[in-house]
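Take a look at the letters that make up each chain.
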Amino acid sequence: MLSRLGSLPVESRTAMVGNVAGRHASPHRGSSVEFAEYRKYVPGDDIRRLDWKAYARSDRYYIKEFEADTNLRAYFVVDGSGSMLFAGKGEAKVAYARRIAASLSYLLVNQGDAAGVSICTEKLHLEVPPSRRPAHLQRIFDTLADLEPGGETGLVGALHQIAEKINQRAFVVILSDLFTDPAALSEALQHLRYRKHDISVFHLMDPQELHFDFERPHRFVDLEDGTALVAEPSLIAEEYQAALSEFMLSVRAKCHDATADYQLVSTDTPLEPLLREFLIHRIPKGK
């Protein structure tokens, strides 16, 4: 799968600020082949960048500026709360999140960019800083493999911490079921947006959470705080679907307000077409 996806680049939707030359647009001016703009000459500028044709037309000195290209730094924020353990009839949400984070990390490092991971639970925020070294991938894979979800979510606090900690623009990928207060989530996303990060959200849901296809009385247990409820599914299905729809519409709206790239993902979705569509969607028009 990675070999087939390797022909597609992982692109940034916004200008990035990296520490080495790369393939992604930078907000700074540099020496790439892409022309950016003219500016007036000031003493000390490199005269080799003077545009003599512009001088012939205007009798004034102008400097040609070009776009700078830089590398991309990606942070994969994986929700480690207890609800990520849920697996109705297939793969647990946390297992699906692991595969997305691991696959995209591999593709990023393979194209010369940096990848890191942050695991957030109620009491723990474990971070593996981004690196471009291929050997760094094993550390990311081990961290994801060792993740044992439990307790309530610490996603909102972790996002605020990441927004404050990352000094330069970065690509922040959130992998979570987003079971948190939408208003608090909105504040965290707006914090990331204010810091000019490129945000992508994979909203991971199990098919049974989406369709509520239970046929007999069940004891429903909250995997985060342990509370339980015995109920007849047919009696609460309509109310459940209404509450779920309201929640998901609110979450989607909060993500769009923060200009985050939002995707609702059912964990029975094959991974390769999901990632292929994600990568193609991020390629700038004209490339």
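Anything mentioned here points back to the structure above.
Model, not experiment: these values are computed from the prediction.

Novice: Talk me through the overall build of the protein chain; I want residue IDs and the actual numbers.
Specialist: Per the secondary structure count, the protein chain includes nine helices and ten strands. Here the contacts in the protein chain between residues at least 6 apart in sequence split such that 75% fall between residues at least 24 apart.

Novice: So what's going on with the packing of helix H3 (residues 93-110) against helix H9 (residues 271-282)? Residues and values would help.
Specialist: At their nearest, the axes of H3 and H9 sit 11 Å apart, and the two run at 50° to each other. Taken together, H3 and H9 sit at an angle that is classed as oblique. The two elements H3 and H9 cross, and the hand of that crossing is right-handed. Contact residues: H3 offers Tyr 96, Arg 99, Ile 100, Ser 103, Leu 104 and Leu 107, while H9 offers Leu 271, Leu 274, Leu 275, Phe 278 and Leu 279. Residue classes in the contact of H3 with H9 are distributed as nine nonpolar, one polar and one charged.

Novice: Hey, could you go over the nonpolar core for me, with residue numbers and the actual values?
Specialist: Judged by nonpolar contacts, the single largest core of 38 residues is most densely connected at Phe 76, Val 78, Ile 100, Leu 104, Leu 175 and Phe 202. For this core, the elements supplying multiple residues, two or more each, are strand S3 (73-79), H3, strand S4 (114-120), helix H4 (136-145), strand S6 (171-176), strand S7 (198-205) and H9. Considering every element that reaches this core, the biggest residue donor is H3, with ten residues. Other than its neighbours up to four places away in sequence, Ile 100 contacts Leu 175, Phe 202, Leu 204, Leu 271, Leu 274 and Leu 275.

Novice: Could you give me a rundown of the pairing of strand S8 (residues 218-221), with the residues and numbers involved?
Specialist: One face of the sheet, then the other: side chains in a regular strand alternate in exactly this way. Of the pairings in the sheet, the one linking S8 to strand S9 (residues 228-231) comprises four bridges and is antiparallel in character. Note that in S9 the partner of Phe 220 across the bridge is Leu 229. Where S8 folds back onto S9 in an antiparallel hairpin, the turn is made up of six residues, including Gly 226, whose phi is positive at roughly 85°.

Novice: Give me the lowdown on the side chain of Glu 209, citing residues and values where you can.
Specialist: Its place among the elements puts Glu 209 in helix H7 (residues 207-211). There is a polar contact of 2.9 Å between the side chain of Glu 209 and the backbone nitrogen of Asp 206. Look past the residues within four positions of Glu 209 in its chain and what remains in contact with it is Phe 86, Lys 93, Phe 179, Tyr 240 and Leu 244.

Novice: Give me the lowdown on the sheet that holds S6, citing residues and values where you can.
Specialist: An order of S5-S4-S3-S6-S7-S10 is seen for the six strands of this open sheet, with the pairing classed as mixed. Of all strands in the sheet, those with a lone pairing partner are strand S5 (125-131) and strand S10 (261-266), marking the two edges. Within the sheet, the average angular offset between the axes of one strand and its neighbour, ignoring direction, is 15°. With respect to the sheet, helix H5 (residues 155-165) is in contact with S3, S4, S5 and S6, its orientation differing from that of S5 by roughly 35°.

Novice: Lay out the pattern of salt bridges in plain terms, naming residues and giving numbers.
Specialist: All chains considered together, the criterion is met by nine salt bridges. Several salt bridges converge on common partners, so that one network encompasses Arg 13, Asp 198, Asp 261 and Arg 282.

Novice: Give me the packing of aromatic side chains: which residues, what numbers.
Specialist: Centre distance and the angle of the planes are the two values used to describe a pair of aromatic rings. Using the criterion set out here, one finds six aromatic pairs in the structure. Ring centres 5.2 Å apart and planes at 70° place the aromatic pair Phe 212 and Phe 214 in the edge-to-face group. Relative accessible area serves as the criterion here: at 8%, Phe 212 is assigned to the buried category. Summarising the aromatic geometry, the rings of Phe 214 and Phe 220 are spaced 5.2 Å apart at their centres and angled 85° between planes, so their arrangement reads as edge-to-face. A residue is classified by how much of its surface remains accessible, and Phe 214, at 19% relative accessible area, is buried. Given the relative accessible area of 22%, Phe 220 is considered partly exposed. Every member of this aromatic cluster is reached through a ring pair, and the members are Phe 212, Phe 214, Phe 220 and Tyr 240.

Calculation notes
Residues numbered from 1 in each chain as written. Predicted model: local features only at pLDDT ≥ 70, side-chain atom pairs only at ≥ 80, totals over all residues. Heavy atoms only, no water. Helix = DSSP H or I, 4+ residues; strand = E, 2+ residues; numbered from the N terminus. Contact = heavy atoms within 4.5 Å. Axes fitted to C-alpha atoms, helices over the stretch in contact; angles between N-to-C directions. Parallel < 35°, antiparallel > 145°, perpendicular 65-115°, else oblique. Left-handed = near helix turned anticlockwise from the far one by under 90°. Nonpolar A, V, L, I, M, F, W, Y, C, P; charged D, E, K, R; others polar. Core = buried A, V, L, I, M, F, W, Y, C linked by side-chain atoms within 4.5 Å. Buried < 20%, exposed > 50% of the residue type's maximum accessible area, 1.4 Å probe, protein only. Pairing = 2+ DSSP bridges. Polar contact = N/O pair within 3.5 Å; in protein donor to acceptor, adjacent residues only side chain to side chain. Salt bridge = Lys/Arg side-chain N within 4 Å of Asp/Glu carboxyl O. Phe/Tyr/Trp six-rings, centres within 6.5 Å; stacked < 30°, edge-to-face > 60°.

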